[in-house]
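# A structural walkthrough
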Protein chains: 2
Amino acid sequence: MSSSLSQTLNKIEPADKDIIELAHKRQDSLTKPRGSLGKLEDVSVRIAGMRRCITSTSDNSAIVVMAADHGVAEEGISAYPQEVTRQMVFPFLSGCAAVNVFARHVGARVVVVDMGVIGGFEPHPLLECQSIGFGTANMAKGPAMTLKQATDAIEAGIAVIEDQIAKGLDIVGTGDMGIGNTTAASAICAAITGRPVAEVTGKGTGIDDKQLLHKIAVIERALDINHPDGKDGIDVLSKVGGFEIGGLAGVILGAAANRIPVVIDGFISGAAALIAYKLSPLVKDYLVASHLSEERGHRVMLNYMELTPLLDLGMRLGEGTGAALGISLVEASVKILREMKTFDEAGVSDKGAEG
Amino acid sequence: MSSSLSQTLNKIEPADKDIIELAHKRQDSLTKPRGSLGKLEDVSVRIAGMRRCITSTSDNSAIVVMAADHGVAEEGISAYPQEVTRQMVFPFLSGCAAVNVFARHVGARVVVVDMGVIGGFEPHPLLECQSIGFGTANMAKGPAMTLKQATDAIEAGIAVIEDQIAKGLDIVGTGDMGIGNTTAASAICAAITGRPVAEVTGKGTGIDDKQLLHKIAVIERALDINHPDGKDGIDVLSKVGGFEIGGLAGVILGAAANRIPVVIDGFISGAAALIAYKLSPLVKDYLVASHLSEERGHRVMLNYMELTPLLDLGMRLGEGTGAALGISLVEASVKILREMKTFDEAGVSDKGAEG
């Protein structure tokens with residue numbers, strides 16, 4: 001029996017400041033100029049604070065990839081046909097999509113979850129079914145989902161992450177698949193951050209300038225019709241969200257409640273993080289931004305949550321590809337704390353020891 | 001018997017443009033929006049061009065860490081005492097320095113080479129001795145080394161890389177250790193790029209503003225006294241270089257001659273790349289810039305060689321730490337070409353297939 005949303009929210013505590021301080025001290029004593037590993041030092045001490053351990057291990061890592069369809073796809077806002085959502089689940093399961101390649105490379109397992117793909121799937125040993133429905137409704141015509149579906153999606157995500165924790169989990173990455181989901185993510189971003197739609201809407205999988213103007217108009221219409229309350233994560237999710245975005249918000253909340261670092265992927269995972277953050281600002285302590293997406297609006301999301309991305313490789317694929325690469329960097333940073341020696345231990349003269 | 005410098009220079013050929021074109025086509029056919037993996041797609045096709053194979057493997061990777069002392073240290077331009085060069089070789093050998101941690105993390109072997117540390121070392125199974133002398137002379141008073149020593153250092157690097165290639169090598173990273181070597185690297189950068197010393201000189205391991213002005217003055221004096229010819233890599237190396245910088249230039253040239261990708265680390269490796277580039281501009285085709293160092297002047301070097309760094313993590317440690325992380329990203333990019341399926345193979349609809 002997995003935890004409810006309210007149980008999960010109640011369980012989330014801030015990262016441990018004392019452990020962060022200890023980790024800082026250890027970083028400063030290791031055989032390298034202080035601060036010379038830059039952002040990786042910052043990440044390593046944050047992980048210590050999340051996990052309550054300055055020399056934590058990261059043997060078990062997973063990337064949760066959630067797929068769902070979006071009713072707004074009927075407005076013609078994507079470069080790809082809607083059936084691609086369903087079609088891409090099969091490469092995820094057979095291990096030949098980009099996220100599988102990167103996950104193998106960094107030693108993370110991939111957990112594929114159907115959160116609401118049109119038509120559903122035959123049972124498959126590697127596919128978790130948590131489907132909330134065969135795609136959301138078209139947010140340009142009314143709410144994308146009911147309030148109950150929004151809570152159900154988040155609680156499904158909590159169930160998924162609690163199951164993974166039971167199997168052994170030290171760090172988790174988030175990933176997504178859903179034709180039309182940059183439209184939902186932009187709407188969430190505009191609703192929560194208050195920025196203009198045009199400023200947080202990009203070309204997704206590769207639409208042209210004219211299609212972009214259309215996409216912006218569709219999102220503006222969805223916000224006008226639904227007037228989501230930007231202070232209420234559940235309301236925003238139900239009005240303009242997606243089932244996979246709700247599921248990922250649940251993964252984030254459930255991980256934070258269990259002191260597991262969450263490496264968020266790009267724009268869609270950022271929208272899920274925004275939803276989670278509105279439900280509990282404390283989740284921020286457990287979030288690591290893997291990369292800055294090429295998708296316009298991602299920086300707005302990260303700035304809103306005061307997160308600094310590790311990578312900036314011009315990526316805009318989603319699936320958890322950025323999260324996989326980010327997990328590897330986080331693990332590298334933690335290994336520095338665990339495996340390096342101090343100046344004293346190594347018999348190396350520290351700065352200024354000359355005189 | 002390893003190759004001479006002239007043999008090596010003669011052997012370097014440009015990357016294969018036809019293979020690059022084939023690799024581009026494959027990237028564009030894989031199940032992801034075209035270009036959605038950003039810089040990693042660019043890297044993957046470049047590696048294909050270097051290795052003459054669009055699905056190359058990268059099972060064998062190494063990071064060559066070269067250490068040497070610098071006579072200019074007596075001018076008081078570093079935050080650390082000179083003996084730290086020697087002291088740090090022991091953590092490299094026992095596997096507990098930062099580069100060892102990152103190398104283990106990415107599955108690369110570390111090759112430690114004494115290119116000219118004061119005092120030398122007892123024989124050690126993991127330490128290669130290629131020492132050109134017990135540190136360079138003080139470049140602020142005259143040439144850092146003779147022209148013969150400069151050529152010897154480069155040829156020693158060629159010998160090191162040829163030995164590694166014989167052991168099996170698909171990709172190599174460069175790393176350094178040498179108190180005072182940011183001073184040498186800044187001098188090389190100014191001499192070759194023609195930029196003012198103040199613009200390419202930074203705080204190295206962590207000197208203060210006043211010490212930085214002193215460091216700049218020392219470098220300006222060294223350039224005034226030695227007037228290195230910026231068009232002649234050997235001349236620059238001999239006047240203001242270091243033994244480890246010469247050795248790394250040899251590693252770069254030898255790798256390029258054998259079609260092995262070279263992932264260059266930060267500022268010191270950048271100086272070695274500049275020397276190699278002046279000796280053969282074709283080496284550029286085999287260089288991947290792992291990261292942008294915090295050290296001022298690194299961007300000037302990369303721009304001069306038209307290289308784009310993969311990472312920007314605020315790192316400034318050297319040792320090959322950035323190269324290790326870069327190797328992992330390069331390997332990930334190559335695996336995309338090798339392990340992902342095309343739209344056709346995976347039965348996924350391509351962009352615009354709807355109508």
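Counting restarts for each chain: residues are numbered from 1 in the order of the written sequence. Chain A is the first chain written and ligand 1 is the first ligand written, with later ones labelled in order. Reporting of local features is limited, given that this is a predicted model, to residues whose pLDDT is at least 70; pairs of side-chain atoms are given and counted only at 80 or more, and all residues count toward the totals for whole chains, interfaces and linings. Working from all heavy atoms in the structure, the side-chain values ignore hydrogens and water.

## Description of the overall build of chain A
What counts is decided by this rule: Secondary structure elements follow DSSP: runs of H or I no shorter than four residues count as helices, runs of E no shorter than two count as strands, and numbering proceeds from the N terminus. Note that the radius of gyration is over C-alpha atoms, with the globule rule given as 2.2 Å times the number of residues to the power 0.38. Note on exposure labels: buried denotes an accessible area under 20% of the residue type's maximum, exposed denotes more than 50%, and partly exposed covers the range between, all computed with a 1.4 Å probe on protein chains only. In these tables, accessible area is a Shrake-Rupley quantity obtained with a 1.4 Å probe, and a residue counts as shielded only by the protein chains included in the view. Neither His nor the chain termini are counted; the positive set is Lys and Arg, and the negative set is Asp and Glu. The atom standing in for a charge is NZ when the residue is Lys, CZ when it is Arg, CG when it is Asp and CD when it is Glu.
Along the backbone of chain A there are 14 helices and 6 strands. Scaling as 2.2 N^0.38, a compact globule of 355 residues should have a C-alpha radius of gyration of about 20 Å, and chain A matches this with 20 Å. Overall size of chain A, expressed as C-alpha extent along the three principal axes, is 70 × 40 × 40 Å. When burial is assessed residue by residue, chain A has 66% of its 355 residues classed as buried. With the model as given, the accessible surface of chain A reaches about 12000 Å², and the carbon-plus-sulfur share is 50%. A distance of 3 Å separates the average location of the 33 positive side-chain charges in chain A from that of its 43 negative side-chain charges.

## Concerning the sheet that holds strand β2 (residues 109-116) of chain A
All names here are of chain A. What counts here: We treat two strands as partners when DSSP finds at least two bridges between them. All axes are obtained by fitting lines to C-alpha atoms, using only the stretch in contact for helices, and the reported angles, taken between N-to-C directions, cover 0 to 180 degrees.
Pairing is parallel in the open sheet, where 6 strands are placed in the order β3-β2-β1-β4-β5-β6. Both edges of this open sheet fall to β3 (127-129) and β6 (287-289), since each of them pairs with a single strand only. Across the sheet, the axes of successive neighbouring strands diverge by a mean angle of 30°, strand direction being ignored. The sheet contact formed by strand β5 (residues 262-264) and β6 spans 3 bridges and is parallel. Bridge pairing links Ile264 to Ala289 in β6.

## Things to note about the sheet that holds strand β3 (residues 127-129) of chain B
Residues and elements named next belong to chain B. Which entries qualify depends on this criterion: Residue contacts follow a heavy-atom distance rule, with two residues in contact if any of their heavy atoms lie within 4.5 Å.
The strand order β3-β2-β1-β4-β5-β6 describes an open sheet built from 6 strands, whose pairing is parallel. With partners counted over all chains shown, the strands left at the sheet margins are β3 and β6 (287-289), one partner each. Neighbour-to-neighbour, the strand axes of the sheet open up by a mean angle of 30°, direction not taken into account. With 3 bridges joining them, strand β2 (residues 109-116) and β3 adopt parallel strand pairing. Bridge pairing in β3 places Val113 opposite Glu128. Packed on one face of the sheet, helix α4 (residues 83-94) meets β1 (61-68), β2, β3 and β4 (171-177) and runs near 140° to β4.

## Remarks on the pairing of strand β4 (residues 171-177) of chain A
Extensive coverage of β4 of chain A is indicated by the burial of 7 of its 7 residues. Burial of β4 of chain A is two-sided: the residues Ile171, Gly173, Gly175 and Met177 of chain A facing one way and the residues Val172, Thr174 and Asp176 of chain A facing the other way are all buried.

## Let's talk about the interface of chain B and chain A
Rules: The rule for a salt bridge is simple: a side-chain nitrogen of Lys or Arg has to be within 4 Å of a carboxyl oxygen of Asp or Glu. Here a polar contact means two N or O atoms within 3.5 Å. Within protein one must be a hydrogen donor candidate and the other an acceptor candidate, and residues neighboring in sequence count only if both atoms are side-chain atoms. The classification used treats Ala, Val, Leu, Ile, Met, Phe, Trp, Tyr, Cys and Pro as nonpolar, Asp, Glu, Lys and Arg as charged, and all other residues, Gly among them, as polar.
Contacts between chain B and chain A engage 57 residues on the former and 58 residues on the latter. Salt-bridge contacts for Glu339 of chain B lead to Arg104 of chain A; the nearest nitrogen and oxygen are separated by 2.7 Å. Our enumeration of links across chain B and chain A arrives at 16 residue pairs in polar contact (both at pLDDT 80 or more). Elements represented by at least two residues in the side of chain B that touches chain A include exactly α3 (39-51), α4, α5 (98-106), α13 (321-339) and α14 (343-346) of chain B. Looking at the side of chain B that touches chain A residue by residue, the classes come out as 27 nonpolar, 15 polar and 15 charged.

## Comments concerning helix α3 (residues 39-51) of chain A
How we decide: Residue count minus one, scaled by 1.5 Å, sets the expected span of a helix.
Between its first and last C-alpha, α3 of chain A extends 18 Å over 13 residues, near the 18 Å set by a 1.5 Å rise per residue. Along α3 of chain A, the residues classified as buried are Leu40, Glu41, Val43, Ser44, Val45, Ile47, Ala48, Gly49 and Met50 of chain A. Of the surrounding elements, those touching the buried residues of α3 of chain A are α2 (17-29), β6 and α13 (321-339) of chain A together with α5 and α13 of chain B. Arg52 of chain A sits one or two residues past α3 of chain A and shows a positive phi near 60°.

## With respect to the packing of aromatic side chains
This is how the line gets drawn: Two aromatic rings from Phe, Tyr or Trp, using only the six-membered ring of Trp, form a pair when their centres are within 6.5 Å; if the ring planes differ by under 30 degrees the pair is stacked, by over 60 it is edge-to-face, and anything between is tilted.
Going through the model one piece at a time under the given rule, you end up with 6 aromatic pairs over all chains. Consider the rings of Tyr80 of chain A and Phe343 of chain B, whose centres lie 6.3 Å apart with planes at 20°: the pair is stacked. You can see Tyr80 of chain A sitting in the loop between β1 (61-68) and α4 (84-94) and its partner Phe343 of chain B sitting in helix α14, one on each of two chains. Exposure class is identical for Tyr80 of chain A and Phe343 of chain B. Each is buried.

## Section: the environment of Asp114 of chain B
Residues and elements named next belong to chain B. As for its placement among the helices and strands, Asp114 is situated in strand β2. A C-alpha to C-alpha distance of 18 Å links Asp114 and Thr182, two positions 68 residues apart in sequence. With residues up to four places along the chain from it excluded, the contact list for Asp114 reads Ala67, Gly120, Phe121, Leu127, Glu128, Cys129, Gln130 and Ser131. In this structure the side chain of Asp114 is engaged in a polar contact, spanning 2.8 Å, whose partner is the backbone nitrogen of Val117.

## Section: the state of the cysteines
The line we're drawing: Throughout, a disulfide means two cysteine sulfur atoms within 2.5 Å of one another.
By the definition in use, this model includes 0 disulfides over all chains. Distance from the sulfur of Cys53 of chain A, which forms no disulfide, to the nearest cysteine sulfur (Cys96 of chain B) is 19 Å. When its relative accessible area of 29% is taken as the criterion, Cys53 of chain A is described as partly exposed.

## Quick look at the nonpolar core
This is how the line gets drawn: Here the nonpolar core consists of buried residues drawn from Ala, Val, Leu, Ile, Met, Phe, Trp, Tyr and Cys, with membership extended through side-chain atoms lying within 4.5 Å.
Within the largest apolar cluster, 256 residues are counted, with the highest numbers of intra-cluster contacts made by Phe102 of chain A together with Phe102 of chain B. Apart from residues no more than four positions distant in its own chain, Phe102 of chain B is found in contact with Leu37, Leu40, Ala332 and Ile336 of chain A together with Met315, Thr321, Ala324 and Leu325 of chain B.

## Description of the relation of the copies chain B and chain A
Rules: Alignment of the copies relies on least squares applied to C-alpha atoms, considering only residues that score at least 70 for pLDDT in both.
When chain B is brought onto chain A, the operation consists of a screw motion whose angular component is 180° and whose axial shift is 0.0 Å, with 0.0 Å RMSD remaining. Both copies of the chain, as the preceding transformation shows, are related through a two-fold rotation axis. No C-alpha of chain B lies nearer the rotation axis than that of Leu311 of chain B, which sits 3.2 Å from it. Of the interface residues in chain B, 100% have counterparts in chain A that sit at the interface too, so the contact is made through matching surfaces.

## A closer look at the packing of α2 of chain A against α3 of chain A
When two helices pack together, their arrangement is given by the angle between the helix axes and by the axis-to-axis distance. Residues and elements named next belong to chain A. Heads up, the rule is: A crossing counts as left-handed when the near helix is turned anticlockwise from the far one by less than a right angle, and as right-handed when that turn is clockwise.
The N-to-C vectors of α2 and α3 enclose an angle of 145°; their axes lie 8 Å apart at closest approach. Relative to α3, α2 is oriented so that their crossing is right-handed. For the pair α2 and α3, the contacting residues are Ile19, Ile20, Ala23, His24 and Gln27 in the first and Glu41, Ser44, Val45, Ala48 and Gly49 in the second. Tallied by class, the residues present in the contact of α2 with α3 amount to 5 nonpolar, 4 polar and 1 charged.

## Side note on helix α6 (residues 147-166) of chain B
Between the first and last C-alpha of α6 of chain B there are 29 Å, a value that for 20 residues agrees with the 28 Å anticipated at 1.5 Å per step. Taken residue by residue, α6 of chain B has Ala150, Ala153, Ile154, Ala156, Gly157, Ile158, Ala159, Val160, Ile161, Glu162 and Gln164 of chain B as its buried positions.

## As for the environment of Gly322 of chain B
Residue and element names in this part refer to chain B. Inspection of the secondary structure puts Gly322 in helix α13. Judged by its relative accessible area of 0%, Gly322 is buried. Separated by 73 residues in sequence, Gly322 and Ala249 place their C-alpha atoms 17 Å apart.

## Considerations on the pattern of salt bridges
Proximity of charged atoms lets side chains of opposite charge pair with each other. For the structure shown, the criterion picks out 32 salt bridges over all chains. In this structure, the salt-bridge partner of Arg195 of chain A is Glu199 of chain A, at a minimum N-O distance of 2.8 Å. Judged by its relative accessible area of 38%, Arg195 of chain A falls in the partly exposed class. On the basis of relative accessible area, Glu199 of chain A is assigned to the partly exposed category, the value being 27%. Between Asp209 of chain B and Lys203 of chain B there is a salt bridge; the shortest N-O distance is 2.5 Å.

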